[in-house]
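# What the coordinates show
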There are 2 protein chains.
Amino acid sequence: MPTVSSEELAAAAGVNSAKLRKDFSYLGSYGTRGVGYDVEYLVYQISRELGLTQDWPVVIVGIGNLGAALANYGGFASRGFRVAALIDADPAMAGTPVAGMPVQHTDDLEKIISDNGVSIGVISTPAGAAQQVCERLVAAGVTSILNFAPTVLSVPDGVDVRKVDLSIELQILAFHEQRKAGEEASDDGVVPPVAAKQQRKGPDGDVPAVMPA
Amino acid sequence: MPTVSSEELAAAAGVNSAKLRKDFSYLGSYGTRGVGYDVEYLVYQISRELGLTQDWPVVIVGIGNLGAALANYGGFASRGFRVAALIDADPAMAGTPVAGMPVQHTDDLEKIISDNGVSIGVISTPAGAAQQVCERLVAAGVTSILNFAPTVLSVPDGVDVRKVDLSIELQILAFHEQRKAGEEASDDGVVPPVAAKQQRKGPDGDVPAVMPA
DNA sequence: CTATCTTTGTGCACGCGTTCACAAAGACAT
DNA sequence: ATGTCTTTGTGAACGCGTGCACAAAGATAG
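## Quick notes on the overall build of chain A
Each helix and strand counted, chain A has eight helices and ten strands in total. At a minimum sequence separation of 6, the contacts of chain A that also span at least 24 residues come to 49%. Approximately 11,000 Å² of chain A is accessible, and the part contributed by carbon and sulfur atoms is 55%.

Have a look at this one:
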């Protein structure tokens, strides 16, 4: 029986072994003292807890480049997701196969949701259409929404929304890149108030009018 | 002079006003007691600290659906990013305009990086090509990489990599969806400390350390 | 100039998550 | 059986980030 110790797993994941054991303990006592964790059993238990063993039908609304990329993304199936339908508002796209699946028109959205028992929807429409699509999804019974459109969606209580901003990660990289570049000048992250204030350009310095949203 | 108080900002952002003030204080003393923060000045200071005022040329390697979606993504320009080049290994794509910009061939990767002073690269190739592309980018001088390919890249010290897995957010939604469903049925199990913050994501998201692939 | 009012900037205390450290549990050898 | 050895599961201590509460600072009015 192949096993792993919390120590091995912790080293591999780069975390503290005690924390890992405590985390596992929330799922139950699946380890054997003096031996470790049965790999296969542990994988199954974690998979079950995370919902990987269930089948989650999802719909993708908005089949532009991003929607098509998502439809083709291989990582979904292996994590228990099944793309039940691709939906787009453009009548010209209806019937066009994307990732081996015909695109359906927005008119049929409610029926598709209902027929497939979909509770998770992915929105990859332009920003302008997102809120309206969101409302139709929710009205049709969707209770979790993954939003790729650059808008904050407003939803009733009980509906989960997660917003994915593709530029945020890039932003973080740029932030660290800036740190790397400016490290030789001021060592610490905390900039002394006086020094920082002195970096201000004149009252008429080139100041951007609006913070990018 | 238009101003905002920490109280107003905190209410809008849904956070504690003291925390917000303390956070701002790390950037310097930009507020005026009894008045608040000068909006324009504050925006500029935050923008500068985050690197939004700099121009970051980036290259996107792998112009499939995802690469095209990224090239068309409007959020980049407003955050200080400039797509310097689109690169693909397919000779048939060379010259094809995507997002108003001709796709260039991988052969010219090094020259493109060098000529444009690019230090940030985006990889949206298939998994099999990612590591090789990564190595060429690094050799050419790139020190930050945003990886959309479903592979873990190995890089030398001093190079930052951030991996974006489009299915992770979906995974999190499914996890909570499962919770919703199982909540009314059995409430006896121990509930692990998982906090779901709507439309907000930590640096690494609230994803468990260990997860089966 | 003094008084009053508003809001910042921050010392301090509290709470929560992480880590330490060890007793308990099981495997395995004798 | 009994003892030794390994590794889990967890109580307790620690440390860090968050939030409270207030003095300091500046605006504004009299």
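Next comes the rest of the account.
## Notes on the protein's contact with DNA strand C
Neighbouring DNA strand C are 22 residues; Arg-33 of chain A together with Ser-6, Arg-21, Gly-34 and Tyr-37 of chain B lie closest to it. Protein-adjacent atoms of DNA strand C, using a 4 Å cutoff, are sugar or phosphate at a proportion of 59%. Here Asn-16 of chain A contributes a side-chain N or O atom positioned 3.1 Å from a phosphate oxygen of DNA strand C. In this structure, a sugar or linking oxygen belonging to DNA strand C sits 2.9 Å away from a main-chain N or O atom of Gly-34 of chain B. For the surface near DNA strand C, the secondary-structure elements that each account for two or more residues are helix H2 (17-27) of chain A together with helix H2 (17-27), strand S2 (31-32) and strand S3 (36-38) of chain B. No other element matches the four residues that H2 of chain A contributes to the surface near DNA strand C. Classifying every residue of the surface near DNA strand C gives five nonpolar, ten polar and seven charged.

## A short note on the sheet that holds strand S1 (residues 3-4) of chain A
Residues and elements named next belong to chain A. Read across the sheet, three strands follow the order S1-S3-S2 without closing on themselves; strand pairing throughout is antiparallel. Edge positions in the sheet fall to S1 and strand S2 (31-32), since each has one partner strand and no second. Where S1 meets strand S3 (residues 36-38), two bridges bridge the pair, whose relative direction is antiparallel. Bridge pairing in S3 links Val-4 to Tyr-37. Contacts from helix H3 (residues 39-50) reach S1 and S3 within the one sheet, and its direction differs from that of S3 by about 75°.

## Some points on the sheet that holds strand S7 (residues 101-105) of chain B
Residue and element names in this part refer to chain B. On the basis of which strands lie adjacent, the open sheet formed by seven strands has the order S6-S7-S5-S4-S8-S9-S10 and mixed pairing. With partners counted over all chains shown, the strands left at the sheet margins are strand S6 (97-98) and strand S10 (160-163), one partner each. Here S6 pairs with S7 via two bridges, running antiparallel. Bridge assignment links Pro-97 to a residue of S7, and that residue is Pro-102. Packed onto the sheet, helix H4 (residues 65-72) meets strand S4 (56-61), strand S5 (81-88), S6 and strand S8 (120-123) and runs at close to 160° relative to S4.

## So, the interface of chain A and chain B
In this assembly, 74 residues from chain A lie in contact with 73 residues from chain B. When chain A packs against chain B, the two sides together hide about 6,900 Å² of surface, and 61% of this comes from carbon and sulfur. Linking chain A to chain B there are six salt bridges. The salt bridge involving Arg-162 of chain A is made with Glu-169 of chain B; its shortest N-O contact spans 2.6 Å. Taken together, the links from chain A to chain B amount to 22 residue pairs in polar contact (both at pLDDT 80 or more). Secondary structure elements with two or more residues in the side of chain A that touches chain B: H2, H3, helix H4 (65-72), strand S8 (120-123), strand S9 (144-147), strand S10 (160-163), helix H7 (168-182) and helix H8 (193-198) of chain A. Top element by residues in the side of chain A that touches chain B is H7 of chain A. It accounts for twelve residues. Taken together, the residues that form the side of chain A that touches chain B break down as 44 nonpolar, 15 polar and 15 charged.

## Some details on unusual backbone geometry
All names here are of chain A. For Ala-99, which is not glycine, the phi torsion reads 55° and is therefore positive. By the element assignment, Ala-99 lies in the loop between strand S6 (97-98) and strand S7 (101-105). For Ala-99, a relative accessible area of 39% puts it in the partly exposed group.

## Quick notes on the relation of the copies chain A and chain B
Once turned by 180° and shifted 0.1 Å along the axis, chain A lies on chain B with an RMSD of 0.3 Å. Seen this way, the second copy is the image of the first under a two-fold rotation axis. Considering only C-alpha atoms, the residue of chain A closest to the rotation axis is Asn-65 of chain A, which sits at 2.5 Å.

## Points about the packing of aromatic side chains
Residue and element names in this part refer to chain A. What the rule picks out here adds up to eight aromatic pairs over all chains. Between Tyr-30 and Tyr-41, the aromatic rings sit 5.4 Å apart at their centres with planes inclined by 75°, giving edge-to-face as the arrangement. Of the two residues, Tyr-30 sits in the loop between H2 and S2 while Tyr-41 sits in helix H3, which places them eleven residues apart along the sequence. An aromatic cluster is built from Tyr-73, Phe-76 and Phe-81, whose rings are joined through pairwise contacts.

## Quick notes on the protein's contact with DNA strand D
Taken together, 21 residues form the shell around DNA strand D, and within it Ser-6, Arg-21 and Gly-34 of chain A together with Lys-22 and Arg-33 of chain B come nearest. For DNA strand D, a phosphate oxygen lies 3.0 Å from a polar atom in the side chain of Asn-16 of chain B. Side-chain polar atom of Lys-22 of chain B to a base oxygen of DNA strand D: 2.6 Å apart, as the coordinates give it. Counting only elements with at least two residues in the surface near DNA strand D, the list comes to H2, S2 and S3 of chain A together with H2 of chain B. Tallied by class, residues from the surface near DNA strand D come to five nonpolar, nine polar and seven charged.

## Comments concerning the pairing of S7 of chain B
Residue and element names in this part refer to chain B. Across three bridges, the pairing between S5 and S7 is parallel. Bridging from a neighbouring strand, Asp-88 pairs with His-105 of S7. Hairpin remark: S6 followed by S7, antiparallel, with two residues in the connecting loop; positive phi at Ala-99, about 55°.

## Side note on helix H5 (residues 109-116) of chain B
All names here are of chain B. Among the residues making up H5, those that are buried are Leu-109, Ile-112 and Ile-113. Projection of H5 onto a plane perpendicular to its axis shows the buried side chains occupying an angular sector of 95°, all on one side. Facing away from the buried side of H5 by more than 90 degrees, the exposed set consists of Lys-111, Ser-114 and Asp-115. Looking one or two residues past H5, Gly-117 carries a phi angle of roughly 60°, positive in sign.

The rules behind the values
Just so you know, the residues in each chain are numbered from 1, in the order the chain's sequence is written. Chain labels run from A onward and ligand labels from 1 onward, assigned in the order the entries are written. Only residues with pLDDT of at least 70 get local features here, since the model is predicted, and only at 80 or more are side-chain atom pairs given and counted; chain-wide, interface and lining totals rely on the full set of residues. Each side-chain value is derived from all of the structure's non-hydrogen atoms; neither hydrogens nor water enter the calculation. The helix count covers DSSP runs of H or I at least four residues long, the strand count covers runs of E at least two residues long, and both are numbered beginning at the N terminus. Note on definitions: a residue-residue contact is assigned when non-hydrogen atoms from the two residues lie within 4.5 Å. Per-residue and other accessible areas follow the Shrake-Rupley method at a 1.4 Å probe size, with only the shown protein chains counted as cover for residues. Residue proximity to a molecule or strand is established when one non-hydrogen atom of the residue lies within 4 Å of it. Within 3.5 Å is the distance limit for a polar contact, defined as a pair of N or O atoms, with the added protein rule that one can donate a hydrogen and the other accept it, and that residues adjacent in sequence qualify only through two side-chain atoms. Gly counts as polar in this scheme, as do all residues outside two lists: the nonpolar Ala, Val, Leu, Ile, Met, Phe, Trp, Tyr, Cys and Pro, and the charged Asp, Glu, Lys and Arg. Paired strands, as defined in this entry, are two strands with at least two bridges between them according to DSSP. Throughout, an axis means a line fitted to C-alpha atoms (over the contacting stretch in the case of helices), and angles, computed between N-to-C directions, take values from 0 to 180 degrees. Joining two parts hides part of their accessible area as seen by a 1.4 Å probe, and the buried area is that hidden amount summed over both. Here, a salt bridge means any Lys or Arg side-chain nitrogen found within 4 Å of an Asp or Glu carboxyl oxygen. For every residue, the accessible area obtained with a 1.4 Å probe (protein chains only) is divided by the maximum for its type, and the residue is called buried under 20%, exposed over 50%, and partly exposed between those limits. Only residues with pLDDT of at least 70 in both copies contribute their C-alpha atoms to the least-squares superposition of the copies. Only the six-membered ring of Trp is used, alongside the rings of Phe and Tyr, when aromatic pairs are assigned; centres must lie within 6.5 Å, and planes under 30 degrees apart are stacked while those over 60 apart are edge-to-face, with the rest tilted. As used here, the arc belongs to the directions running from the helix axis to the C-beta atoms.

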